[in-house]
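# Structural characterization, general
Each chain, letter by letter, is given below.
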Amino acid sequence: MKFTCNKNDFLEGINIVLKAVSGKTTMPILECVMIEAENDKVKLTTNDMELGIETLVNAQVQTSGTVLVNAKMIAEIVRKLPEDEVNFEVDDKMNILIFCGKAKFNVPGLESDEFPKLPFVEKENRIVMSQFTLKEMIRQTIFSISDNENNKILTGELFEIVGDEFKIASLDLHRVSIRKMQLKESYDNIKVVIPGKALAEISKILSSNMDSEVVIYFSSNYVLFELEDTIILTRLIEGNFYNVNQMLSSDYETKIKINRSEFLGCIDRATLLLRDAEKKPVVMNIMDDSVKMEMNTKIGSMDEDMTIEKEGKELKIAFNPKFLIDVLRVIDDEDIYLYLINSKSPCFIKNSDESYIYLILPVNLNYNN
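What counts as what
- Residues numbered from 1 in each chain as written.
- Predicted model: local features only at pLDDT ≥ 70, side-chain atom pairs only at ≥ 80, totals over all residues.
- Heavy atoms only, no water.
- Buried < 20%, exposed > 50% of the residue type's maximum accessible area, 1.4 Å probe, protein only.
- Helix = DSSP H or I, 4+ residues; strand = E, 2+ residues; numbered from the N terminus.
- Contact = heavy atoms within 4.5 Å.
- Polar contact = N/O pair within 3.5 Å; in protein donor to acceptor, adjacent residues only side chain to side chain.
- Lys, Arg positive; Asp, Glu negative; His and termini not counted.
- Salt bridge = Lys/Arg side-chain N within 4 Å of Asp/Glu carboxyl O.
- Pairing = 2+ DSSP bridges.
- Axes fitted to C-alpha atoms, helices over the stretch in contact; angles between N-to-C directions.
- Phe/Tyr/Trp six-rings, centres within 6.5 Å; stacked < 30°, edge-to-face > 60°.

Burial of helix α3 (residues 131-139) is extensive: 7 of the 9 residues sit out of reach of the surface. Listing the buried residues of α3 in full gives Q131, T133, L134, K135, E136, M137 and I138. Contacts from the buried residues of α3 go to β10 (125-130), β11 (156-171), β12 (175-195), α4 (196-205), β13 (213-218) and β14 (222-226). Two or three places before F132, at the start of α3, stands the capping residue S130, its side-chain oxygen 3.2 Å from that residue's backbone nitrogen.

This is how it looks when you write it as structure tokens:
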């Protein structure tokens, strides 16, 4: 195998596929990238058995071929090469020779026979959407997945398509995050659960360009994301996701309108009084046209009044400040609406068309830990 390519093009490709390189494995082959050169393209493939990524890099291929090499090592070597043009050559003993300027590397490669190829996915059930929109929807929901591996279904996100409505939902038994959007056309109904760890890596690859599209293919065991020069495949989580619709309610006794950035700043300041693993709630004392935010911890206390617009009853309620901060950081609206019933019932934060809905369970006001 022999080819020449631009250093930055190769680096961009290797950085994409590195996201599917296993960090903890007893199988060294899963730490490798498969490099295939053919027809003026170099295909880079990685697979940790849960997430697989394949991307193409432009190159001048003199001799086609395939080789495996440790992905992180080859990425570091190429990153520190002195010039833009890089030459790769693989000899009969699977040694990889890398030439760039006056620098020359010789690193051992491996035969590709044992490398786990990406599973085949039938390209039938699919949707098409903006990469930027999907990236945003993941960002606005992924913080509320669970990290408890004992309840595997909660470590993923629900992807549900009904007609032309696409919904992503996540929950960790303390909160629920839902984002919805209208697709450009209607599709067959689909309901799958995708691992949160995979979606976190996929969101890093998705473009922020509004005009770039992603095609998502669904099968019984896998979901495939197809970008221009990259495909990303991940295994689905088996099982039935919680019925999030049953958790939602339109009832409320108190509704407040509040400035999002001021609300976020106030809670952020309150958390300055938290130390290490101390868990203290932020208390909201909702009155006619203001809300008093209070925090009491081992090292001090604070209170701050904020102007609001209120409908309904006065209310005193407490929340884990992190849960509020996570939501407020991903909403783009200038003003937000909170819907509450009492001090023990969930708080809903949602907009008028319910393209986003966040449910947060309150903390017991007598919480004294």
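The residue K135 is located in helix α3 in this model. Among buried Asp, Glu, Lys and Arg side chains, K135 stands out as unpaired, with E136 the closest opposite charge at 7.3 Å. From its side chain, K135 meets the backbone oxygen of L206 in a polar contact 2.9 Å long. Excluding residues that lie within four positions of it along the chain, K135 makes contacts with S203, K204, L206, S207 and S208.

Below, the discussion takes up the sheet that holds strand β5 (residues 60-63). Spatial strand order, β5-β1-β7-β8-β9: 5 strands in an open sheet with antiparallel pairing. Strand pairing shows two members of the sheet lacking a second neighbour, β5 and β9 (103-108), which therefore form its edges. Sheet twist, expressed as the average angle between the axes of neighbouring strands with direction ignored, equals 15 degrees. With 4 bridges connecting them, strand β7 (residues 85-90) and strand β8 (residues 95-100) associate as antiparallel partners. Looking across to β8, one finds that E89 is bridged to L97.

Turning next to the packing of aromatic side chains. Inspection of every chain in the model, using the stated rule, returns 6 aromatic pairs. Ring centres 4.7 Å apart and planes at 15 degrees place the aromatic pair F3 and F88 in the stacked group. Taken as a pair, F3 in strand β1 (residues 2-6) and F88 in strand β7 lie far apart in primary sequence, 85 residues in all. Each member of the pair, F3 together with F88, is buried. Summarising the aromatic geometry, the rings of Y252 and Y339 are spaced 5.2 Å apart at their centres and angled 75 degrees between planes, so their arrangement reads as edge-to-face.

Moving on: the pairing of strand β23 (residues 347-350). By the alternation rule, side chains of β23 split into C347 and I349 and F348 and K350, which are all buried. Relative to β23, strand β22 (residues 335-340) runs antiparallel, the two sharing 2 bridges. When the sheet's bridge partners are listed, L338 is paired in β23 with I349. Following β22, the chain reverses through 6 residues before pairing antiparallel with β23. Sheet topology note: the β23/strand β24 (residues 356-360) ladder contains 4 bridges and is antiparallel. Along β24, the bridge assignment pairs I349 with Y358. In sequence, β23 turns back onto β24 through a hairpin of 5 residues, with E354 there showing a positive phi of about 55 degrees.

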